[in-house]
Amino acid sequence: MSIRGRIAMNAQFKKGVLELIVLESVRQRDRYGYELVEEVSKVVDVNEGTIYPLLKRMTNEHYFETYLRESTEGPPRKYYHITAAGILYRDGLERDWNEFQQRVCTFLEEQKRGRE
Amino acid sequence: MNKAEFLQRLRQKLSVLDDRELEDILNEYEQHIDMKAAGAMTEEEAIADFGDMDELAAQILEAYHVRADFAENEKKAARDGQNEDALQRVYVKVKRALTGGWKEFVSALKCGGRFLEEKGDACADAIFRFLKGKKEVHAASSEEEVSGVQQESGQAAEEACGVKARGTEAAEEKSVFLFFGRIVSGCGHAAGSCVSFCWKAAVRCVKLCWALAVWCVKYGWKAAVWAAKICWNLFWVCSGIVIGLFSCMCLFGLGLLAVMLVLGYPLAGITIGMLGLTLCMCSVTIGCFTLLLRGKKKDALSCAGEKKNAALSCTGEEKNAALSCAEGESAQTKEKAAKEKTAKEGEVVHA
């Protein structure tokens, strides 16, 4: 696989996990955009610009609802709230992730043992 | 790149989205930048964190399932159109203007037509009502008459005429009643006849115009025929005169030859030949003059032959003579034309 392909692959990795992280963050409590970006940035090193499109897409797919709330500083903020569909989707993603991660781990372990 | 610039560029790239969504997204990014700028970062740094502008825009558009290169392609196409199809655009513009103009023209025509129709309807209505009113008057008058007649028999009719009750009393009143009734009915009749007269007059006018037009056409045809006749006659008169003069000369020659023959010269053959020629010429002259007024039913072959002869032997003096003759002829034909005209007019008036 070329370098470019690997980078793309990494981006795909991140993209898949990013959804899960964002969903989980919002599930804990309603958050606004910048807050979420900071939250996600703690976990994954991600381009900050990409969070907003993600939020947008997931809102369009009805995993989130949005509402405006006044803030003490600056203009009102748009808060994201997870929906039932969003929770279901999150659970599915978590399951997938665990399975995927487990398989990859097992595979890598086996390979390591085989080499030794 | 500062915030305003960034937002402006992002707006351009996302122009495919509808305004509400666009504002929503831009708002979010603006807030994000503001918050970062409120911390330890500058606007420029915050914006740099977003990474490549095109990638960002593509990701946003992806959230809407829109092809990221859509706006770009659109712009490119527009640019190409500007460069390459300027002529076509001019053509399209002209076409649009023309069709627009035509449409306006048509709609104006329609408007005018509708206006005329309305007005015409109104006019027709007014005339109809007017005529109807006249008729009613007429009808009313006849009714009155009838009621007057009825009252003679002493019957009290049910119609709502206060005058009627009085009518039962005396014959005088009846006669007065009748008198007025007659006057009214006379008025009605007069109006009716006026209208009918007007109508008839109009019809007659139209007919007269039509006849006049027909007559004009006919007259034009006649004029052409006359012109042809004049030409024909002129030609035959000319040739007749020419040939006649020639035959006179022949006669003169024949006389000379005869005198010489009598004196003893051996000219018998030539004299006989001259005699034949003279006779021939005379007959041709007569033939020419017989062709004069009978129109064009002569055979074309002999005509052609004669024409050639005439053309060959025509001289200036003879032409003058011919012209004077022709004038006489044309005067005659003109007189005839005038007569015919008056006759036609008479016919038309009769019609």
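Everything numeric in this text was worked out from a predicted model, so none of it was measured.

## Comments concerning the overall build of chain A
In step 1: Counting its secondary structure elements, chain A contains four helices and three strands.
In step 2: Helices and strands appear in chain A in the N-to-C order α-β-α-α-β-β-α.
In step 3: Out of the 116 residues in chain A, the part that is buried amounts to 37%.
In step 4: Taking as baseline every contact in chain A between residues at least 6 positions apart, the subset at least 24 positions apart corresponds to 50%.
In step 5: Summing over all exposed atoms, chain A offers an accessible surface of approximately 7600 Å²; the carbon and sulfur share of this is 53%.

## Section: unusual backbone geometry
In step 1: Unlike most non-glycine residues, His 62 of chain A shows phi in positive territory, near 70°.
In step 2: A relative accessible area of 57% means that His 62 of chain A is categorised as exposed.

## What to know about the packing of aromatic side chains
Residue and element names in this part refer to chain A.
In step 1: Tallied over the entire structure, the rule returns 14 aromatic pairs over all chains.
In step 2: Here Phe 64 and Tyr 80 contribute two aromatic rings whose centre-to-centre distance is 6.0 Å and whose plane-to-plane angle is 70°, an arrangement assigned as edge-to-face. With a gap of 16 residues between them, Phe 64 in strand β2 (residues 64-69) and Tyr 80 in strand β3 (residues 77-82) connect regions that are remote in the sequence.
In step 3: The exposure class assigned to Phe 64 is buried, which follows from its relative accessible area of 3%.
In step 4: What makes Tyr 80 buried here is its relative accessible area of 1%.

## Observations regarding the interface of chain A and chain B
In step 1: Taken residue by residue, the interface counts 20 residues in chain A and 19 residues in chain B.
In step 2: Summing both sides of the interface, chain A and chain B together bury roughly 1700 Å²; the carbon and sulfur share of this comes to 51%.
In step 3: Where chain A meets chain B, there are four salt bridges.
In step 4: Ionic pairing is found between Asp 24 of chain B and Lys 56 of chain A, a salt bridge with its closest N-O pair at 2.3 Å.
In step 5: Joining chain A to chain B, the criterion identifies six residue pairs in polar contact (both at pLDDT 80 or more).
In step 6: Counting residues per element, the ones that place at least two in the side of chain A that touches chain B are α2 (33-43), α3 (51-60) and β3 of chain A.
In step 7: With five residues, α3 of chain A is the largest single contributor of residues to the side of chain A that touches chain B.

## With respect to the pattern of salt bridges
In step 1: Enumeration according to the criterion identifies 20 salt bridges over all chains in this entry.
In step 2: Salt-bridge contacts for Arg 29 of chain A lead to Glu 35 of chain A; the nearest nitrogen and oxygen are separated by 2.8 Å.
In step 3: Of the charged contacts, one joins Lys 13 of chain B and Asp 54 of chain B as a salt bridge, the two residues approaching to 2.7 Å between their closest N and O atoms. Remark: Asp 54 of chain B occurs in helix α4 (residues 53-63) and Lys 13 of chain B occurs in helix α1 (residues 3-13); sequence separation between them is 41 residues.
In step 4: Owing to a relative accessible area of 16%, Lys 13 of chain B belongs among the buried residues under this scheme.
In step 5: The class of Asp 54 of chain B is partly exposed, set by a relative accessible area of 42%.
In step 6: Through salt bridges that share partners, Glu 24, Arg 27, Arg 90, Asp 91 and Glu 94 of chain A make up one connected network.

Thresholds applied
Residues numbered from 1 in each chain as written. Chains lettered and ligands numbered in written order. Predicted model: local features only at pLDDT ≥ 70, side-chain atom pairs only at ≥ 80, totals over all residues. Heavy atoms only, no water. Helix = DSSP H or I, 4+ residues; strand = E, 2+ residues; numbered from the N terminus. Buried < 20%, exposed > 50% of the residue type's maximum accessible area, 1.4 Å probe, protein only. Contact = heavy atoms within 4.5 Å. Areas by Shrake-Rupley, 256 points an atom, 1.4 Å probe, with all protein chains shown as cover. Phe/Tyr/Trp six-rings, centres within 6.5 Å; stacked < 30°, edge-to-face > 60°. Buried area = accessible area lost by both parts, 1.4 Å probe. Salt bridge = Lys/Arg side-chain N within 4 Å of Asp/Glu carboxyl O. Polar contact = N/O pair within 3.5 Å; in protein donor to acceptor, adjacent residues only side chain to side chain.

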